Amino acid sequence: MTEPDIKKGLAGVVVDYTAISKVNPETNSLLYRGYPVQELAATQPLEAVAYLLWNGELPDAEQLAELRLTERAHRAIPDDVRTTIDLVPLDAHPMDEVRTAVSLIGARDLAGSGSVLDASGSPEQNLERSIRLFAVLPAIVAYGQRRRRGLEPVAPRDDLDYAANFLWMTFGEEADEVVVDAFNRSMILYAEHSFNASTFTARVITSTLSDLYSAVVGAIGALKGPLHGGANEAVLHIFDEIGSAENVGAWLDQALAEKRKIMGFGHRVYKRGDSRVPTMKAALDTLVEHYDRPEVAALYDALESEFVARKGIYPNLDYPSGPAYNLIGFDTLTFTPLFVAARVTGWTAHIMEQLTSNTLIRPLSEYNGPDERHIDGYVADTAALEVADRAEEAAG
Ligand SMILES: CC(C)(COP(=O)(O)OP(=O)(O)OC[C@H]1O[C@@H](n2cnc3c(N)ncnc32)[C@H](O)[C@@H]1OP(=O)(O)O)[C@@H](O)C(=O)NCCC(=O)NCCS
């Protein structure tokens, strides 16, 4: 018998086309609908990038104004969603809170919509659902952080753009322009990254013709893991453990001796550096200067140079974004929910793309369990034997 060609983790397997983004590890580039992500981060608000991911083109002034109008109209958390969030234990991970909130939003929206045969929705319905989820997620994430700190929620402001309003709802004060800009850039860098684990999860769920909310809930579950989105949170734990730049060498000696994975380093696709890191590192530098925290940059640089020198493994986007979110004032537990708020744009773009040329995603596996065996005293029923006979005949 020939050994099956198993691609563990689907590494290197191309499963479909996508026109949404192109990750090119050879040229260290990432394009959203053809535009380099660095150019988008430097020039666009996240709302325009969301429009681009969903529609294929950047919006003109009128289209952006229209999207912003809808987005601003759907920023507030509905009361029953807030009440449901309050049922989630305060010491549960906020990703569980976000997952629960999206699940309820989906159930509310789809209530009375008929049989599962209609679950996947029309392109118009799905675009509308995508915009509404994008609009409400900041309030959910901001409320989570405030709730854990024992603070009252802050209502959204419709005179602020997405990024500024997100910070307003989290901290209850207007953020400085340099902070809004760094935050907006981070959200654009997180928005989309082809067939990563959470996006692929969303596409698998969509491929069964389930609904957009179910696909997003599944994607949130996949993003929570520390090998994926949870890494930005894990980076901060590492920074806390190390303490300061001069401890890096000794800390790394021990971590490597214990065969620990150093979070924020390495990538399944990029093996010579993550294309998004320089842009996010520049944003982190502006924050370091703004908050006058040079020791953060010193620790960042020391760990990066020491780890690259020893292992030749480069930082990924989570490495600079973790400390950046910490400087802005987000709790470490809030980092991965921030990733959800950004990535929902990419997930929903992929959900809509999957539906335009859907094929059920159903790979095969090679069985390596026990040989066929039987329950003592069981007498096979004739119908089952007939099916087995038919299968044998068909196999030839
Ligand atoms: C992202 C990640 C899962 C990619 O994994 P992958 O493509 O399957 O690569 P592997 O995990 O097989 O790594 C290949 C080798 O590099 C090592 N390696 C990769 N990333 C490492 C890290 N962050 N720390 C220590 N060693 C690492 C592996 O241990 C493995 O070594 P080995 O060949 O001696 O067993 C992996 O790099 C990782 O766990 N990184 C930390 C988590 C993280 O930052 N995730 C966010 C990704 S955007």
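Residues numbered from 1 in each chain as written. Predicted model: local features only at pLDDT ≥ 70, side-chain atom pairs only at ≥ 80, totals over all residues. Heavy atoms only, no water.

A. Geometry of the domain arrangement of the protein chain. Here the protein chain is partitioned into domain 1 (21–230 + 331–356) and domain 2 (232–325). The centre of domain 1, based on its C-alpha atoms, is set 26 Å off from the matching centre of domain 2. Listed by partner, the interface residues are 32 residues for domain 1 and 26 residues for domain 2. For the pair domain 1 and domain 2, the summed buried surface comes to about 2,500 Å²; carbon and sulfur atoms form 61% of the total. The closest approach of N and O atoms between Glu 26 and Arg 272, which form a salt bridge, is 3.3 Å. Our count for the contact surface shared by domain 1 and domain 2 stands at 17 residue pairs in polar contact (both at pLDDT 80 or more). At the level of secondary structure, the elements contributing two or more residues to the side of domain 1 that touches domain 2 comprise strand S2 (29–32), helix H1 (37–43), helix H8 (177–190) and helix H16 (335–356). Broken down by element, the residue count for the side of domain 1 that touches domain 2 peaks at nine residues, all from H8. (Domains from an automatic or database assignment. Contact = heavy atoms within 4.5 Å. Buried area = accessible area lost by both parts, 1.4 Å probe. Salt bridge = Lys/Arg side-chain N within 4 Å of Asp/Glu carboxyl O. Polar contact = N/O pair within 3.5 Å; in protein donor to acceptor, adjacent residues only side chain to side chain. Helix = DSSP H or I, 4+ residues; strand = E, 2+ residues; numbered from the N terminus.)

B. Spatial organisation of the packing of aromatic side chains. Scanning the model with the defined rule gives 17 aromatic pairs in all. Here a set of aromatic residues connected by ring pairs shows up, and it is made of Trp 54, Phe 134, Tyr 162, Phe 166, Phe 171, Phe 183, Tyr 190, Tyr 325, Phe 330, Phe 335 and Phe 339. Of note, Arg 82 hangs over the ring of Tyr 143, and the distance from its end group to the ring centre comes to 5.3 Å. Over the face of the ring belonging to Trp 168 we find Arg 157, whose NZ or CZ atom lies 4.8 Å from the ring centre. (Phe/Tyr/Trp six-rings, centres within 6.5 Å; stacked < 30°, edge-to-face > 60°. Lys NZ or Arg CZ within 6 Å of the ring centre and 35° of its normal.)

C. Quick peek at the packing of helix H5 (residues 94–110) against helix H10 (residues 212–223). One can describe the packing of H5 onto H10 by two numbers: an axis separation of 9 Å at closest approach and a directional angle of 175°. In terms of orientation, H5 lies roughly antiparallel with respect to H10. On the side of H5, the interface is formed by Met 95, Val 98, Arg 99, Val 102, Ser 103, Ile 105, Gly 106, Asp 109 and Leu 110, while H10 contributes Tyr 213, Val 216, Val 217, Ile 220 and Leu 223. The class makeup of the residues in the contact of H5 with H10 is 10 nonpolar, two polar and two charged. (Axes fitted to C-alpha atoms, helices over the stretch in contact; angles between N-to-C directions. Parallel < 35°, antiparallel > 145°, perpendicular 65-115°, else oblique. Nonpolar A, V, L, I, M, F, W, Y, C, P; charged D, E, K, R; others polar.)

D. Region of interest: the site of the ligand. Surveying the vicinity of the ligand reveals 18 residues, the closest of which are Ile 262, Gly 264, Phe 265, Arg 268 and Asn 316. With respect to the ligand, the side chain of Lys 261 contributes an N or O atom lying 3.1 Å from an oxygen atom. One nitrogen or oxygen atom from the main chain of Gly 264 is found 2.8 Å from an oxygen atom belonging to the ligand. For the ligand, the protein covers 63% of the area, taking 850 Å² as the surface of the free molecule. Within the shell around the ligand, the residues separate by chemical class into eight nonpolar, five polar and five charged. Lining the shell around the ligand are residues from two domains, each supplying at least three of them: domain 1 (21–230 + 331–356) and domain 2 (232–325). (Near = heavy atom within 4 Å. Areas by Shrake-Rupley, 256 points an atom, 1.4 Å probe, with all protein chains shown as cover.)

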